[in-house]
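This is what each chain is made of:
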Amino acid sequence: MVVAESVTPEIVSLDSGGRARMAAIIDAALMDRDAITRTQFGTFLTVIRLAPVLRFGRAFDRLDGDRKNAVLRWFQDCPVSILRKGFWGLKVLVFMGYYGQEETWSEIGYAPDFDGRAGVRHA
Amino acid sequence: MRELDYDVVIIGSGAGGGAVAKELAPLAAAGKRIAVLEWGPKLADDAFTGREVEMARQLYFDSGGVLTKDRTLTMAYGRAYGGSTVVYTGTSLTIPEDVVKRWDVPGIEYNDLQRRSAKYIEENNVHKLEESELNDNNRLFLEGCIKLGYRAQQFPINVKGCRSSSLCNLGCPNGAKQGTHRVQLPAAEAAGVEVITNCRVTRVGERSCDAVVADPGFGLPSSWESGEVRVNAKVIVVCGGAINSAALLLRSGYGDRLPTLGRYLTLHPALILVGEHPHEISNFHGHPKSFYCDEFWESEKFLLETCMYFPFITSKNLIGFGAEHSKLMRAFGRLQMILVLAVDPALESNRVLVDRDGEPVIDYTMGPSVLDSLHRSMVASAKIFFAAGAHRVHAPAGASFFIERKDADRVEELIPRSNVIPGKISVASAHIMGGCGMGREASDSVTDSWGRVHGSPGLYVGDSGLFPRASEINPYVTVMALADRVAEHIRDNAGELLAP
């Protein structure tokens, strides 16, 4: 969850229900994947947690916000493609868990309507 | 294992399977037994909730995120009564004559495909929306293109009673989209064709196929009880979509005598780009896809289309994370969106394989020409956003997260080609083509121009797998036109093919 809070800072302010919904969405998405992918995901999370020890002398969880962002940015731009793709997969899961919740739609101003005809106004 | 006997079995119920089913319905009405075996469920009308994660899980394979082997691209294709026609936007274009020439398949003529396409354009109520039905997201795209002198055209779409929900890609909650689930399949069923949902075909042979019926936990129950079943049929038409049709034939052993099976896969690799306006625009109300720009189709091998996606899909297509990503997501009501489609070459090395369990593996690499097209498309899109009035633009390969309006003249410089890095930017595909390509003979193709598998008189393919190269446009009308040919060939040869 610490990594997720760096990917999407609003997760910090989710209540317990929101966190539970997020975890359920991510769990369901992972369960739809094969065992190898699930194992790779778990391994990648461990790599993200421990990799900062080499540079900052601390695990990811114990870094300040700027350093957490620096670590994630390094993974995002990493020349080693497997690490770059791993980070992409991680952030996609976090986004799914947060933005996939109907409860967060109002936070971003998304308000779909089965009958949207009145909303097709012109700016 | 139970055994059932049919005259014709159609595997899949999307654009291809649905069209074949309806065109063979007269045979069913005349007493022939015809079944459509569909892997996915049929949802009740009130089960289309518009909730992104829920609908994606129920209507798409892997929730619309099937990964390629190298994990640089995701693919979205449907699994439902009606296949991908349940989840497309209904944009209905006829394949250009130049593309048919490039296909170079003996027996495939533009005039023939054009005539058959026109039939489905009529049958599925294809038309252009009225100007009053177009939202700002679409109008701004047109305005931007006009200001820049780019050629833009309105999409004909296949809706009836559209209520502007903008939820097309999650299955229309109003039943307005005229996919095969609304038109061809009900007509086929009325004539006596059986459609069996929740039925996955695991192996296909010359005159039989094996299937498993299993309740996915949602949707209406299948008309067949759960369990394994062998279906004997004199004619089998494989319409499972480019990935699953190729995989089914491969795991059934056809790769041994058809060396191109699974190969020459094309995907129209796609990007979703956003521009932020200084004020609210109408974007998530109204049909999402009304215009396209083909200015760069020949010169730079990409098309631009209007689009509007849902929160999760939008979030994953933005580069980056953290505060700036959140800030852009919080501007959702001010976002204009453009979808890019790169026209990818048909390469022998891009292909569908099967793993040791028989599951499909998509071995596809975006080559330099595709990455060039994606890069140039970002530059063109940024120019359109600014011309339409956006005050900043997010380009996945941008040197910074936002390109501000004051830098609008520098987009070429601020979107460097070197930043188009597979595995960093989100690239997706919803146009999956090839793998069972038409051609002359078994050494260069999988089927002939009628979709008949070389060397197997009763086995046909009737979906986008038939494309020998990309369609270079939204493909579903072309799929239906080719499926129409398949059905015609079966009808014309029914005496021989369906003889006892």
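Rules used throughout
Residues numbered from 1 in each chain as written. Chains lettered and ligands numbered in written order. Predicted model: local features only at pLDDT ≥ 70, side-chain atom pairs only at ≥ 80, totals over all residues. Heavy atoms only, no water. Axes fitted to C-alpha atoms, helices over the stretch in contact; angles between N-to-C directions. Helix = DSSP H or I, 4+ residues; strand = E, 2+ residues; numbered from the N terminus. Left-handed = near helix turned anticlockwise from the far one by under 90°. Contact = heavy atoms within 4.5 Å. Nonpolar A, V, L, I, M, F, W, Y, C, P; charged D, E, K, R; others polar. Buried < 20%, exposed > 50% of the residue type's maximum accessible area, 1.4 Å probe, protein only. Phe/Tyr/Trp six-rings, centres within 6.5 Å; stacked < 30°, edge-to-face > 60°. Lys NZ or Arg CZ within 6 Å of the ring centre and 35° of its normal. Parallel < 35°, antiparallel > 145°, perpendicular 65-115°, else oblique.

> What is the right way to read the packing of helix α3 (residues 35-56) of chain A against helix α4 (residues 65-76) of chain A from this model?
For any two helices packed against each other, the geometry comes down to the angle between their axes and how far apart the axes lie. Residue and element names in this part refer to chain A. Where α3 meets α4, the closest approach of the two axes is 11 Å, and the angle between their N-to-C directions is 115 degrees. Relative to α4, the crossing made by α3 is right-handed. Residues Phe44, Val47, Ile48, Ala51, Pro52 and Phe56 of α3 pack against Arg67, Val71, Leu72 and Phe75 of α4. Across the contact of α3 with α4, the residue classes break down as nine nonpolar, no polar and one charged.

> I would appreciate a short explanation of the environment of glycine 65 of chain B in the present structure.
Here glycine 65 of chain B shows up in the loop between α2 (52-59) and β3 (66-67). Residue classification places glycine 65 of chain B among the buried positions, given a relative accessible area of 9%. Each C-alpha atom, one on glycine 65 of chain B and one on lysine 160 of chain B, is 29 Å from the other, the two residues being 95 residues apart in sequence. Sequence-distant contacts of glycine 65 of chain B, that is, excluding residues within four places in its chain, are made with Arg33 of chain A together with Thr74 and Met75 of chain B.

> Honestly, the packing of aromatic side chains in this entry has me stumped. Any pointers?
Applying the stated criterion across every chain, the model contains 18 aromatic pairs over all chains. With a centroid separation of 4.7 Å and 40 degrees between ring planes, the pair formed by phenylalanine 155 of chain B and tyrosine 292 of chain B is classed as tilted. In this pair, phenylalanine 155 of chain B is assigned in the loop between β5 (152-154) and α6 (184-190) and tyrosine 292 of chain B in strand β11 (residues 291-293), connecting sequence segments 137 residues apart. Looking at phenylalanine 155 of chain B, the relative accessible area reads 1%, which means it is buried. Each member of the aromatic cluster is reached from another via a ring pair, and the members are Trp105 and Tyr110 of chain A together with Phe284 and Phe332 of chain B. Across the ring face of phenylalanine 61 of chain B, the terminal group of arginine 79 of chain B is positioned such that the distance to the ring centre comes to 4.8 Å. Above the plane of the ring of tryptophan 450 of chain B lies arginine 485 of chain B, whose end atom (NZ or CZ) is 4.0 Å from the centre.

> Looking at this model, I keep getting lost on the packing of helix α5 (residues 136-148) of chain B against helix α10 (residues 368-387) of chain B. Mind explaining?
All names here are of chain B. In contact at an axis separation of 8 Å, α5 and α10 are set at 105 degrees when each is read in the N-to-C sense. Our classification of the angle between α5 and α10 gives roughly perpendicular. Counting all contacts with α5, which are made through Phe141, Gly144, Cys145, Lys147 and Leu148, the residues of α10 involved are Lys383, Ile384 and Ala387. Considering only residue class, the contact of α5 with α10 consists of five nonpolar, one polar and two charged.

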